[in-house]
Amino acid sequence: MKFDIKTKLMGMGLAAVVAIMVLVFIAWNAGRHVKEATEENRIMLEQAQKLSDLRVNAIELVLAAMDSIVDADDGYVYEERMTAIDLGIEAMRENQGLIETVAREAGRANLAAEVVELTNVLDRVVRVELVQAIEARADDRVFAAFDDQIDEHGEDLGRVLAELQTLVARKLVASQLSLNDSVEDSSSFSTWAGLAAAAALLIVLSYIGNSIARPISRLTGVMRDLAAGRLDVQVDLARSDEVGEMARAVQIFKENAIEKQRLEREQAAADLRSEEEKRQTMLDLADRFERSIREVVDGVSSSATEMQATAQQMSANAEETSRQSANVATASDQATANVQTVAATAEELSASIAEIGRQVNQSARIAQNAVDEARSTNETVRGLAEAAN
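Undergrad: Is there a simple way to think about helix α4 (residues 109-135) in this case?
TA: Every α-helix winds through 3.6 residues per turn, so residues three or four apart in the chain are directed the same way. Spanning 27 residues, α4 covers 38 Å between terminal C-alpha atoms, matching the ideal 39 Å at 1.5 Å per step. Of all the bends in α4, the greatest, near 30°, is centred on E129. Two residues or fewer after α4 comes R137, characterised by a positive phi angle close to 50°.

Undergrad: Is there a simple way to think about the nonpolar core in this case?
TA: Nonpolar side chains tend toward joint burial in soluble globular proteins. In this structure, L130, I150, L161 and L164 are the most contacted members of the largest nonpolar core, which totals 44 residues. Sorting the residues of this core by element identifies α1 (5-70), α2 (79-94), α3 (96-105), α4 and α5 (140-227) as the ones contributing at least two each. Residues contacting L130, with those up to four places away along its chain left out, are A65, I69, V125, F143, F146 and I150. Counting 9 residues, the second-largest nonpolar core is a separate cluster that includes L219, L231, V235 and V250.

Undergrad: Is there a simple way to think about the environment of L219 in this case?
TA: Counting through the fold element by element, L219 comes out in helix α5. You can call L219 buried: its relative accessible area is 7%. In sequence terms L219 and V243 are 24 residues apart; their C-alpha atoms lie 8.5 Å from each other. Those residues within four positions of L219 in sequence are excluded, and the remaining contacts are V235, V243, M246, A247 and V250.

Undergrad: Before we go on, may I ask you to explain α3 in this structure?
TA: Listed in full, the buried residues belonging to α3 are Q96, L98, I99, V102 and A103. Taken around the axis of α3, the buried residues stretch over an arc of 160°, which confines them to a single face. The first or second residue beyond α3 is G107, which carries a positive phi of 75°.

Undergrad: Any chance you could explain the side chain of N95 here in plain terms?
TA: Tracing the backbone through its elements, the reader meets N95 in the loop between α2 and α3. The buried category is assigned to N95, whose relative accessible area is 14%. If sequence neighbours within four positions are ignored, N95 has contacts with K50 and L54.

Undergrad: Is there a simple way to think about a negative patch on the surface in this case?
TA: Taken together, the side chains of D148, D151, E152 and E155 make up a negatively charged region of the molecular surface. With respect to the helices and strands, E152 occurs in helix α5.

Undergrad: Would you take a moment to explain the pattern of salt bridges for this structure?
TA: Where charged atoms of side chains with opposite charge meet at close range, the side chains can pair. By the definition in use, this model includes 20 salt bridges. Among the salt bridges present, the one from E129 reaches R124, with a minimum N-O distance of 2.9 Å. You can call E129 partly exposed: its relative accessible area is 28%. The residue D139 makes a salt bridge to R141 at a minimum N-O spacing of 3.3 Å.

Criteria and thresholds
In this numbering scheme, every chain counts its residues from 1 along its sequence in written order. Only residues with pLDDT of 70 or above have their local features reported here, since the model is predicted, and side-chain atom pairs are shown and tallied only from 80 upward, although totals for entire chains, interfaces and linings are computed over all residues. The side-chain values count all of the structure's non-hydrogen atoms but skip hydrogen atoms and water molecules. For helices the rule is a DSSP run of H or I covering at least 4 residues; for strands it is a run of E covering at least 2, with both sets numbered from the N terminus onward. A helix is expected to reach a length of 1.5 Å times the quantity of its residues less one. Take the seven residues that end at a residue and the seven that start at it, fit an axis to each, and the angle between those axes is the bend at that residue. For this analysis, a nonpolar core means a set of buried residues of the types Ala, Val, Leu, Ile, Met, Phe, Trp, Tyr and Cys, connected via side-chain atoms within 4.5 Å. Residue exposure (1.4 Å probe, protein chains only): buried if accessible area is under 20% of the type maximum, exposed if over 50%, otherwise partly exposed. Residues count as neighbours in contact if any of their non-hydrogen atoms are within 4.5 Å of one another. Read the arc as the range of directions from the helix axis to the C-beta atoms. The patch calculation keeps residues exceeding 30% relative accessible area without a salt bridge and links them within 9 Å when they carry like charges or within 5 Å when they are nonpolar (Val, Leu, Ile, Met, Phe, Trp, Tyr). Only the protein chains shown count as cover for residues, and all accessible areas are computed by the Shrake-Rupley method using a 1.4 Å probe. The rule for a salt bridge is simple: a side-chain nitrogen of Lys or Arg has to be within 4 Å of a carboxyl oxygen of Asp or Glu. Lys and Arg are tallied as positive, Asp and Glu as negative. Neither His nor the chain termini are counted. To locate a charge, take NZ of a lysine, CZ of an arginine, CG of an aspartate or CD of a glutamate.

Below is the structure:
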């Protein structure tokens, strides 16, 4: 099944979108994991810091109690020492939830119980029994016993808090190592994902270059050759997509250009034949005109010759008439005898005059025909000139 370029590009675009969404989801998930691990580390750091503060509070509590034993002769506990003792006890109790959480997560719930027990013991021993012994001004043996007892319980409380702090530190180190591994894995994945995306983009660009850009560039070159008049260029018609449709359109353009050239050659040949026929027609008309003029000239010449012959005949008749008149003058005595001769001569003279009139009329008609023929010839020449224009 063949797909057109639009479908292919849409499919590739959809695949790219899906790939980007997958990469974004993976990156988001990795970022969320790193964020959660970072938050856990922050919480563990706060726990470690709080446990460290509790250890300090426990030490201050024990020192304040020891100092109160030293100053037992005064009969009361100084206010600032009592404040330190109260702060230590209250801090242990306020952070009991934190201690239980750390102990439970480390699988050492007994440590939280020990902290509770030791806190209660120190509260009872220091804030109740020691204060009563100081106010009662007990002897040194009692205070020595308190000193040993407070020191022992204080050391035990510090030991438990230190152990809890160590557990938190170990967990923090493990979490930080896991976070580092996660960051490194995310970085490696991002690198490989980037390389994969770059490779996919390279494949897409290569496909676009080989399947779209390069064929269109070749097709553009073909169109440029056709526009320059090189109609022997070959058009690739093998593709069935949009580029193939463009190629078929270019092929139609090529065929139309070839047909146009053929029609132009035929039109040029027809124009050449038309010019030749027009030239031949003008030559034929010129020949006919020449023949017509020659016929007119010949007719006029013949008429002139006839007129000349008639004039000569008339001249001869006139001479004959003059001669006969002279004979009449010299031979008047023969007038009667020659009346018939004179009458005959007069008749001949009258006939000659009539013949001369007839010849003159004929010459006039011939001249008029020559004029009409010349006018017709002029109109023919004018028609030829208009046809030539």
